[in-house]
Amino acid sequence: MKQSPALEDCLKLLKGERDEQRLAGLLLVTKFCKGDDLDLLRRVYDAVGNRFLDRLLVTGMGKGVISGGGSDNRDAYLQLSVTILAAFGCVPEIASSEYMILKIPLVLEIMSKESRSHVLEECYEFLYLVSSSSEDGAATLYESDGMKVLASQMPTFPDGSRIMEFAMRLVQLIVNKLSLATISNGYLSELTMMVATIVRQFAVLHNALKFEALHLLSMIFSQCPVPLTDALHATAGNNWPNYMRVGVVAILQNRVAPAERLHALILAESTISILGEGWLVDAVNPPDIQDPISAERCLLLVLELSRVEVSVLLNELAYLKYEASKNSSSTEETILLKQRNLAVVYSLVERIIKLISNMSGDEGQVLDESTLLMVIKALNETVDVVIDYLQDAKEHGHAKGNDLLASVRVIGSYLAETPIACKEKVMELLVYMLFIEGEDEPSPFYSVCFLLPMLCQITMEIEGCKALASSGGYKAVVECLIKLIGPTQIMVADNSCIFMACDTMMNLLLKKEQVRLSMDESTSADLLKALGYWAGNTDDLSIIMMASSLCALILDFTSEAALLNQSSFGHTSLRILSQLFVRSLAHGQVNLVKFSWMIICTTEDAHCRRALMMLKQKWTFWRLWHQAILGGLIDTHP
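Here is a short report on the structure shown in this document. (Residues numbered from 1 in each chain as written. Predicted model: local features only at pLDDT ≥ 70, side-chain atom pairs only at ≥ 80, totals over all residues. Heavy atoms only, no water.)

Describing the overall build of the protein chain
Logical step 1: For the protein chain, the helix and strand inventory stands at 34 helices and zero strands.
Logical step 2: Of the roughly 29000 Å² of accessible surface on the protein chain, 52% is carried by carbon and sulfur atoms. (Helix = DSSP H or I, 4+ residues; strand = E, 2+ residues; numbered from the N terminus. Areas by Shrake-Rupley, 256 points an atom, 1.4 Å probe, with all protein chains shown as cover.)

Structure follows, in structure tokens:
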């Protein structure tokens, strides 16, 4: 392209021998240079040379001298050098050069001392262009304490300004190039401060930068390491949770692309994970937000959009799994992505179930009855959709998958609060749900754990016991209980699962005659052995009593001879049970006397018989034993 004579004269000046010529050339060339004219910028860069740029920059910083220039011109030199460097950063091959990367520490030093907004803005532009041009650029920015400069200056920038935009993009660049765990280890307080600043931009802006903040926050919160989570929790008082609520509500209540809604739901789920379910109904609004949000607004929006996403995602997953081509790797990747998204909205549904459950017993609840009814209606509809998804999976012969297991968890969470909800559909699918496995599970376990609160409640009635006994579903409960308490026990976060499994079996065993429960010898032996192991390793009275009660009831299904015929059950196991009964009787449990007396009269194991006979001689035992006889609990002629 033909250049104008004036521009050619500028280029000649840039190649002059004296600093005055080059300086004059730079001042003139700024009138011709445009950021999109990359060819001209290359020519200028080649003409001016690195040495003169270095001297111009350090002179502006007060560390050097340009011939013919006075100290009074240092501010002008600094502004000119930063402007030229930022312009050169628009050319990819120049921005990625070693020369430009080495300027990052100097520019950061300028930023730490400079207060003029125009110079700062061009410094941030330079940092972004150079740092994003290569891996070395981003690493140099991080290693030169760029995080400290960003964290200290970002809160002072005007909302939505160009300099704030560059700063946010630098944060995104660093987070993309380095793991959040690494950043948290090195600059935890700085990262926390920057996140809080970005959250505020997410709330107050109403332009494209709002969505950039949304995407950046979604990326940070979705992979938030524990130190950052703890730091954000500790700084919750600085209003970032309230700004987050404002931003999430703004996205969810407006017409935006489905992907943007999902990012907002990710932020909602992550914030609840940090602060708890109460964040959804917190009525505190930031002081600079003109339109306050009511206590129920965020909750209803999150629930409604989660309900919609659940329905959409389950429909898409069903199509991909049962109808679309199975030979495409892209199909598998799409399924995994949708399963991850499903996990987010499922988590939100469970959080809301927990919130409403806690509110039911709270006299100071913040939601009125009409709002609660709306929430319950939406939850019912959501769970009904999830049940239909499992019914579809059952009809297609699928019982393994993390999405299926997560679906059972959601259903279990809801039915734990309302066991009669969707009763017919649930009872029809009960056994199928009990035997669903996660992707990496060798056998069903977590599905039973998720359903235990419901099972514990429905087996309090004959109808529930019959459903579990006649279908053989109780075997899944037995296997789950053995895994929870046996020698190869699986650790779970909440030990209440153990007692709910025990209570479920207790309900079944106490109604064994009405429901015609039948347990085979192998199942009885395995469960007795696991119970003996569980109680034998503790002094917890509640465990001892529960284990001994269950063992006593199970013994009605079998005999000593039958147990000893099982390869997994020997005399050692029998002695452990006897010792369990001894410990239980020593604590005065009347309802076990019948079974202890049975063992005394029938056992052939001398050690067991001797231990129980010694206990029988105790006054406490005699008192309890006679009380049991008078109460008709035992027959004196077994």
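Describing the packing of aromatic side chains
Logical step 1: Counting across every chain of the model gives nine aromatic pairs.
Logical step 2: Where tyrosine 142 meets tyrosine 187, the ring centres are 5.2 Å apart and the plane angle is 80°; that geometry is what we call edge-to-face. Of this pair, tyrosine 142 sits in helix 10 (residues 135-143) while tyrosine 187 sits in helix 13 (residues 180-204), and the two are 45 residues apart along the sequence. As far as burial versus exposure is concerned, tyrosine 142 and tyrosine 187 are alike and both buried.
Logical step 3: In this structure an aromatic cluster arises from ring pairing among Tyr45, Phe88 and Tyr99.
Logical step 4: For lysine 210, the ring lying beneath its charged end belongs to phenylalanine 202, and the centroid distance is 5.4 Å. (Phe/Tyr/Trp six-rings, centres within 6.5 Å; stacked < 30°, edge-to-face > 60°. Buried < 20%, exposed > 50% of the residue type's maximum accessible area, 1.4 Å probe, protein only. Lys NZ or Arg CZ within 6 Å of the ring centre and 35° of its normal.)

A closer look at the side chain of glutamate 122
Logical step 1: Looking at the secondary structure, you find glutamate 122 in helix 9 (residues 117-131).
Logical step 2: Buried and without a salt bridge, glutamate 122 has arginine 162 as its closest oppositely charged side chain, separated by 6.9 Å.
Logical step 3: Dropping the residues within four chain positions of it, glutamate 122 is found in contact with Gln79, Val82, Thr83 and Ala86. (Lys, Arg positive; Asp, Glu negative; His and termini not counted. Salt bridge = Lys/Arg side-chain N within 4 Å of Asp/Glu carboxyl O. Contact = heavy atoms within 4.5 Å.)

Some remarks on the packing of helix 16 (residues 240-252) against helix 18 (residues 297-322)
Logical step 1: Where helix 16 meets helix 18, the axes come as close as 10 Å, and the angle between the chain directions of the two elements is 50°. Considered as vectors, helix 16 and helix 18 are oriented oblique to each other. Both helix 16 and helix 18 take part in a crossing whose hand is left-handed. Counting all contacts with helix 16, which are made through Arg245, Val249 and Leu252, the residues of helix 18 involved are Arg297, Cys298, Leu301, Val302 and Leu305. (Axes fitted to C-alpha atoms, helices over the stretch in contact; angles between N-to-C directions. Parallel < 35°, antiparallel > 145°, perpendicular 65-115°, else oblique. Left-handed = near helix turned anticlockwise from the far one by under 90°.)

Structural notes on the nonpolar core
Logical step 1: Judged by nonpolar contacts, the single largest core of 211 residues is most densely connected at Tyr124, Met154, Phe221, Leu280 and Leu455.
Logical step 2: Residue contributions to this core peak at 13 residues, all from helix 18.
Logical step 3: Sequence-distant contacts of phenylalanine 221, that is, excluding residues within four places in its chain, are made with Val195, Leu232, Trp240, Met244, Leu267, Ser270 and Ile274. (Core = buried A, V, L, I, M, F, W, Y, C linked by side-chain atoms within 4.5 Å.)

A short note on the state of the cysteines
Logical step 1: Under the definition given, this model contains zero disulfides.
Logical step 2: Considering cysteine sulfurs only, cysteine 449 is the nearest to cysteine 497, which forms no disulfide, with 4.5 Å between them.
Logical step 3: Classification of cysteine 497 as buried rests on a relative accessible area of 11%.
Logical step 4: Here cysteine 551 is not disulfide-linked; the sulfur of cysteine 502 is the nearest cysteine sulfur, at 9.6 Å.
Logical step 5: Judged by relative accessible area, cysteine 551 falls into the buried class, the value being 0%. (Disulfide = S-S within 2.5 Å.)

Focus: helix 24 (residues 462-470)
Logical step 1: Buried within helix 24 we find Gly464, Cys465, Leu468 and Ala469. Relative to the axis of helix 24, the buried residues are bounded by an arc of 125° and lie together on one face. Exposed side of helix 24, more than 90 degrees from the buried face: Glu463 and Ser470 are the residues found there.
Logical step 2: Buried residues belonging to helix 24 abut helix 22 (423-434), helix 23 (446-458), helix 25 (474-485), helix 26 (496-510) and helix 27 (512-515). (Arc of directions from axis to C-beta.)

Re the pattern of salt bridges
Opposite charge on two side chains permits them to pair, given that their charged atoms come into close proximity.
Logical step 1: Enumeration according to the criterion identifies 24 salt bridges in this entry.
Logical step 2: Across the pair aspartate 288 and arginine 200 runs a salt bridge, and its minimum N-O distance is 2.4 Å. Placement of aspartate 288 in the loop between helix 17 (258-275) and helix 18 and of arginine 200 in helix 13 is noted, with a sequence separation of 88 residues between them.
Logical step 3: Taking the relative accessible area as the measure of exposure, aspartate 288 reaches 35% and is therefore partly exposed.
Logical step 4: For glutamate 277, the salt bridge goes to arginine 351, with nearest N and O atoms at 3.2 Å. Placement of glutamate 277 in the loop between helix 17 and helix 18 and of arginine 351 in helix 19 (residues 329-360) is noted, with a sequence separation of 74 residues between them.

Topic: the environment of leucine 102
Logical step 1: Turning to its location among the elements, leucine 102 is positioned in helix 7 (residues 98-102).
Logical step 2: Overall, leucine 102 belongs to the exposed group, its relative accessible area being 53%.

A look at helix 17
Logical step 1: The first and last C-alpha atoms of helix 17 sit 26 Å apart over 18 residues, in line with the 26 Å expected at 1.5 Å per residue.
Logical step 2: Along helix 17, 13 of the 18 residues are buried, which leaves the element largely enclosed by surrounding structure. (Expected span 1.5 Å × (residues − 1).)

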